[in-house]
Amino acid sequence: MGKIHELSAVLADQIAAGEVIENPAAVVKELVENSLDAGSHRIDIILEESGLATIQVIDDGSGIAVDDLALAFKRHATSKITGKKDLFRVQTLGFRGEALPSIASVADVIVESKTTAASAGAMIHLRGGEILAQEAAASRQGTQITVRDLFFNTPVRLKYLKSPNTELANITDIVNRLALGHPEVAFSLTHNGRSLLQTVGNGKLQQVLSAIYGVTTARQMIPVGRQDQDFQISGFVSLPKLTRASRNYISLLINGRYVKSHTLLRAVAAGYGSKLMVGRYPLAVLNIELDFQLVDVNVHPTKQEVRISKEEQLAQLIKAAIQASLPPKI
Ligand SMILES: Nc1ncnc2c1ncn2[C@@H]1O[C@H](COP(=O)(O)OP(=O)(O)O)[C@@H](O)[C@H]1O
Ligand SMILES: [Mg+2]
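Draft legend 1. Summary view of the packing of aromatic side chains. What the rule picks out here adds up to one aromatic pair. Pairing Y213 with Y249 gives two aromatic rings, centres 6.2 Å apart and planes at 50°, and the pair type is tilted. Here Y213, found in helix α7 (residues 205–213), pairs with Y249, found in the loop between β11 (243–244) and β12 (250–254); they are 36 residues apart in sequence, far enough to count as distant. We classify Y213 as partly exposed; its relative accessible area is 21%. For the cation-ring pair, R127 lies above F152, with the distance from its terminal atom to the ring centre recorded as 4.1 Å. Just above the ring of Y249 sits the side chain of R244; from NZ or CZ to the centre is 5.2 Å.

Draft legend 2. Main features of the domain arrangement of the protein chain. Split into domains, the protein chain comes out as domain 1 (9–198) and domain 2 (220–325). Counting the surface lost from both domain 1 and domain 2, the interface buries some 1800 Å², and carbon and sulfur atoms represent 54% of this. Between the two partners, domain 1 and domain 2, sit zero salt bridges. Remark: the boundary between domain 1 and domain 2 carries seven residue pairs in polar contact (both at pLDDT 80 or more). The set of elements that each furnish at least two residues to the side of domain 1 that touches domain 2 consists of α1 (9–20), α2 (24–37) and α6 (164–181). Ranked by residues supplied to the side of domain 1 that touches domain 2, first place goes to α6 with five residues.

Draft legend 3. Summary view of the pattern of salt bridges. Scanning the entire structure with this criterion turns up 11 salt bridges. As a salt-bridge pair, D37 and K80 come within 2.9 Å of each other at their nearest N and O atoms. Within this pair, whereas D37 is found in helix α2, its partner K80 is found in the loop between β2 (54–59) and α3 (84–87), the two being separated by 43 residues in sequence. We note a salt bridge from D149 to R127, for which the minimum N-O separation is 3.1 Å. One end of the pair, D149, is in the loop between β6 (142–148) and α5 (155–159); the other, R127, is in strand β4 (residues 121–127), and 22 residues separate them in sequence. Owing to a relative accessible area of 33%, D149 belongs among the partly exposed residues under this scheme.

Draft legend 4. Representation of the sheet that holds β6 in the model. Pairing is mixed in the open sheet, where eight strands are placed in the order β5-β4-β3-β6-β2-β1-β7-β8. Of all the strands in the sheet, the pair left with one neighbour each is β5 (130–137) and β8 (194–198). Sheet twist, expressed as the average angle between the axes of neighbouring strands with direction ignored, equals 10°. Where α2 meets the sheet, it contacts β1 (42–48), β2, β6 and β7 (186–191), and its direction lies at approximately 10° from that of β2.

Draft legend 5. Representation of the site of ligand 1 in the model. Residues in close proximity to ligand 1 total 21 residues, the closest being N34, T78, S79, K80 and G97. Residue G97 places a main-chain N or O atom 2.7 Å away from an oxygen atom belonging to ligand 1. Between ligand 1 and A99, the relevant distance is 3.3 Å, taken from an oxygen atom to a main-chain nitrogen or oxygen of the residue. Relative to its free-state accessible area of 530 Å², ligand 1 is covered by the protein chains to the extent of 93%. When residues in the shell around ligand 1 are grouped by element, the largest group, three residues, is from helix α4 (residues 99–105).

Draft legend 6. Layout of the nonpolar core. Judged by nonpolar contacts, the single largest core of 56 residues is most densely connected at L31, I45, F73, V109, V147 and F187. If one sorts the elements of this core by residue count, α6 sits on top with seven residues. For this core, the domains that each give at least three residues are domain 1 (9–198) and domain 2 (220–325). Membership of the second largest hydrophobic core comes to 34 residues, among which are F231, I254, A267 and Y272.

Draft legend 7. Quick look at helix α9 (residues 262–272). Residues of α9 that are buried include every one of L264, L265, A267, V268, G271 and Y272, and no others. For α9, the angular spread of the buried residues around the axis is 155°, confining them to a single face. Residues H262 and R266 are exposed on α9 and point more than 90 degrees away from its buried face. With its phi angle positive at about 55°, G273 sits one or two positions after the end of α9.

Draft legend 8. A look at the packing of α9 against helix α10 (residues 311–325). Contact geometry for α9 and α10: axes closest at 7 Å, N-to-C directions at 30°. One element, α9, and the other, α10, form an angle in the roughly parallel class. Every pair of crossing elements has a handedness; the one defined by α9 and α10 is right-handed. Counting all contacts with α9, which are made through T263, L264, A267, V268, A270, G271 and Y272, the residues of α10 involved are E311, E312, L314, A315, I318, K319, I322 and Q323. In the contact of α9 with α10, the residues fall into nine nonpolar, three polar and three charged.

Draft legend 9. Summary view of the packing of α2 against α6. The interhelical angle for the contact between α2 and α6, taken along N-to-C directions, is 20°, at an axis separation of 8 Å. Of the possible angle classes, the one that applies to α2 and α6 is roughly parallel. As for the relative orientation of α2 and α6, their crossing is right-handed in sense. Contacts between α2 and α6 involve P24, A25, V28, K29, V32, E33 and L36 from the former and E167, N170, I171, I174, V175 and L178 from the latter. A breakdown of the residues in the contact of α2 with α6 according to their chemical character gives nine nonpolar, one polar and three charged.

About the cut-offs
Residues numbered from 1 in each chain as written. Chains lettered and ligands numbered in written order. Predicted model: local features only at pLDDT ≥ 70, side-chain atom pairs only at ≥ 80, totals over all residues. Heavy atoms only, no water. Phe/Tyr/Trp six-rings, centres within 6.5 Å; stacked < 30°, edge-to-face > 60°. Helix = DSSP H or I, 4+ residues; strand = E, 2+ residues; numbered from the N terminus. Buried < 20%, exposed > 50% of the residue type's maximum accessible area, 1.4 Å probe, protein only. Lys NZ or Arg CZ within 6 Å of the ring centre and 35° of its normal. Domains from an automatic or database assignment. Buried area = accessible area lost by both parts, 1.4 Å probe. Salt bridge = Lys/Arg side-chain N within 4 Å of Asp/Glu carboxyl O. Polar contact = N/O pair within 3.5 Å; in protein donor to acceptor, adjacent residues only side chain to side chain. Pairing = 2+ DSSP bridges. Axes fitted to C-alpha atoms, helices over the stretch in contact; angles between N-to-C directions. Contact = heavy atoms within 4.5 Å. Near = heavy atom within 4 Å. Areas by Shrake-Rupley, 256 points an atom, 1.4 Å probe, with all protein chains shown as cover. Core = buried A, V, L, I, M, F, W, Y, C linked by side-chain atoms within 4.5 Å. Arc of directions from axis to C-beta. Parallel < 35°, antiparallel > 145°, perpendicular 65-115°, else oblique. Left-handed = near helix turned anticlockwise from the far one by under 90°. Nonpolar A, V, L, I, M, F, W, Y, C, P; charged D, E, K, R; others polar.

Listed below in structure tokens is the structure:
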């Protein structure tokens, strides 16, 4: 008699959640990325108690069709890719079909959504991966997701979370970076009734920088832009006198996706050369556009690490772009 058996769907989702949904910030990231993929112009994020009590994301995007609502919570269910060839030219932020089932397996989730084509919307309520209710709802166009009691059924995960302030800082950090990557979208972030970020969505990156860092700081940032046959870089970097003690204020976005890359971070610093004091780092936001086939986004479950073909060429281009835009050393 064999001893191998298939895991239940809920258990499989909880295992995936271990990788994809590390903390409240990961939930916010996944939900906002879904809103961006849905072509939203406006995304409102409302938090209570650093996201542990409530995370609500409201968008005005395409919405989810009534028939798709339950399917969206099935593992590996996605509207974003179909065949193998799509995997090597992913044009959306999501594609693994893991986020919603993972979140629902470790929280209480209510989704209300309506597409343009539908006359009425619908809602679905899940808790710990089980569907509790599904019915028609008088929704507005777009999607509203409310996540409550995050990690209620995974006490160890809950125990190892950082302090509420740190968890909130992580959320703010990821929302800031998503807003920097999408100046055409109006973002708002509210925590316990207090506004933490509001961008207007007029497509101007400098407006987003002002909203995040304040007008004075934004004024000390200068535009960068450069391209070669493979890459197109645009963004803003701080004048050498405006620095921070960590690399956290450098955001690199590849086709609108915030990514972590040591090589590219080093290239940013290299662009400053000796203009930076030891241990100091600039503020920067660089949007890098490239052919979707030049980047493999299927490297890590959270998709923050990517593999870029010709990464060294891109690093040189970043360095040159920054060198060219900074004023000469006095
Ligand atoms: N805010 C949203 N607006 C419209 N559709 C959504 C939204 N969130 C999720 N969806 C739909 O639910 C599906 C599953 O979402 P998710 O689990 O995050 O997987 P993925 O984003 O990898 O496809 C998506 O492919 C999309 O069709
Ligand atoms: Mg997704």
